[in-house]
Amino acid sequence: MPELPEVETIARTLRPRLEGAVITGARVARRDYVRAPRPSAGAHLVGKRIRSVRRHGKRLSLLLEPAGVVTVHLGMSGRIDLRSPGEPLAKHTHFRVSFRDAAFEMRVQDPRRFGGVWVARDGGDPAGDLGPDALRVRLPGFRRILDRPRKIKALLLDQRAIAGLGNIYCDEALFASRIHPLARANSLTADERRRLLRAIRTVLTAAIRHGGSTIRDYRDAGGQPGGFQDRHRVYGRAGEACPACATPISRVLVASRSTHLCARCQRLSRGS
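Residues numbered from 1 in each chain as written. Predicted model: local features only at pLDDT ≥ 70, side-chain atom pairs only at ≥ 80, totals over all residues. Heavy atoms only, no water.

### What about the packing of helix α5 (residues 167–176) against helix α6 (residues 190–209)?
Their axes nearest at 8 Å, the elements α5 and α6 cross at an angle of 130 degrees. The pairing of α5 with α6 is recorded here as oblique in orientation. Note on packing geometry: the crossing formed by α5 with α6 is right-handed. Contact residues: α5 offers Tyr 169, Glu 172, Ala 173, Leu 174 and Ala 176, while α6 offers Leu 196, Ala 199, Ile 200, Val 203, Leu 204 and Ala 207. Among the residues forming the contact of α5 with α6, the class breakdown is 10 nonpolar, no polar and one charged. (Axes fitted to C-alpha atoms, helices over the stretch in contact; angles between N-to-C directions. Helix = DSSP H or I, 4+ residues; strand = E, 2+ residues; numbered from the N terminus. Parallel < 35°, antiparallel > 145°, perpendicular 65-115°, else oblique. Left-handed = near helix turned anticlockwise from the far one by under 90°. Contact = heavy atoms within 4.5 Å. Nonpolar A, V, L, I, M, F, W, Y, C, P; charged D, E, K, R; others polar.)

Structural data, given as structure tokens:
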């Protein structure tokens, strides 16, 4: 699933080509994937200019002028491509947008259809139901998020609490901060909370710098894979030696998700 670093990488790929572009057409292949007011997505998009490409958590938005927004959530298998209009369509391409005087169009494909596209006529907040962005949240707000008696990994995965983290970067940040994924969030000390926020920022920033993680088929909007998967320290490395202490990496289930940790570096203390 594309997480914050992957969506940020896609946004950075799109900005220089889409910001300022004027929409000339929009084609919807699946109306259950593209939600738009009547009469159609095209009726609300054609003639509008893309003012900016934004990201909040795992959600990407095209802010339009004079009004409107297109919000894309890539779900488990979604992908955004910039392709020549003459190129054959990839399977499961559900939405296409063309632009004035451009040699490309934007295509959204999603084989598993856990994501979606939302077209809004006004400038409503596309992140209104999400928590603060994991890369922008400040320490006071982060402390308040953790004042809950939930397991820390389950809480970090909750996009309504904090937006952008998924399985990969939760595991990596918890390992970097030496916190067990089953620890109760409100049991963490002040130092552990600072350490965790610092680890989240460090891991996400490094992943963005390397273009995100390509585990299966993730690509940015230019078709390039990520490179951060080669730098994962625990995620997907069950049975391998911990890079810090050589203890075999464990794999357990937390919040119904495969979770990777070092039982020695990330001890679960009493009362956690």
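### Focus on α5
Burial runs high along α5: nine of the 10 residues are buried. For α5, the set of buried residues is Asn 167, Ile 168, Tyr 169, Cys 170, Asp 171, Glu 172, Ala 173, Leu 174 and Phe 175. Check the buried side of α5 and you find it contacts α1 (4–18), α4 (152–157), α6 and β11 (257–261). Arg 178 sits one or two positions beyond α5 and adopts a positive phi of about 60 degrees. (Buried < 20%, exposed > 50% of the residue type's maximum accessible area, 1.4 Å probe, protein only.)

### Some details on the side chain of Glu 172
Residue position: Glu 172 is located in helix α5. It turns out Glu 172 is buried and unbridged, and the closest side chain with the opposite charge, Arg 233, is 5.8 Å from it. A distance of 2.9 Å separates the side chain of Glu 172 from the backbone nitrogen of Arg 233, its partner in a polar contact. Discounting residues that sit within four places of it in the chain, Glu 172 has contacts with Val 203, Arg 231, His 232, Arg 233, Val 234 and Tyr 235. (Lys, Arg positive; Asp, Glu negative; His and termini not counted. Salt bridge = Lys/Arg side-chain N within 4 Å of Asp/Glu carboxyl O. Polar contact = N/O pair within 3.5 Å; in protein donor to acceptor, adjacent residues only side chain to side chain.)

### Structural notes on the packing of α1 against α6
When two helices pack together, their arrangement is captured by the angle between the axes and the distance separating the axes. Contact geometry for α1 and α6: axes closest at 9 Å, N-to-C directions at 40 degrees. When the interaxial angle is binned, α1 and α6 end up oblique. The chirality of how α1 crosses α6 is right-handed. Contact with α1, carried on its side by Leu 4, Pro 5, Glu 8, Thr 9 and Arg 12, involves Leu 204, Ala 207 and Ile 208 of α6 and no other residues of that element. When its residues are assigned to classes, the contact of α1 with α6 shows five nonpolar, one polar and two charged.

### Looking at the sheet that holds strand β9 (residues 116–120)
Read from one edge of the open sheet, five strands run β2-β9-β5-β4-β3, paired in mixed fashion. Edge strands, defined here as strands with exactly one partner in the open sheet, are β2 (34–35) and β3 (49–56). Packing against the sheet, α1 makes contact with β3 and β4 (59–65), and its axis sits at approximately 165 degrees to β3. (Pairing = 2+ DSSP bridges.)

### Description of the pairing of strand β8 (residues 105–109)
For a regular strand, the rule is simple: side chains alternate between the two faces of the sheet. Of all the five residues making up β8, five are buried; the element is thus mostly covered by neighbouring parts of the structure. Side chains Glu 105, Arg 107 and Gln 109 project from β8 onto one buried face, and the interleaved Met 106 and Val 108 project onto a second face that is buried too. Where strand β6 (residues 79–83) meets β8, five bridges bridge the pair, whose relative direction is antiparallel. Looking at the pairing, Arg 83 lines up with Glu 105 of β8. Pairing between strand β7 (residues 93–99) and β8: five bridges, direction antiparallel. Bridging from a neighbouring strand, Thr 93 pairs with Gln 109 of β8. Where β7 folds back on β8, the antiparallel hairpin that results is connected by five residues, among which Asp 101 adopts a positive phi of roughly 55 degrees.

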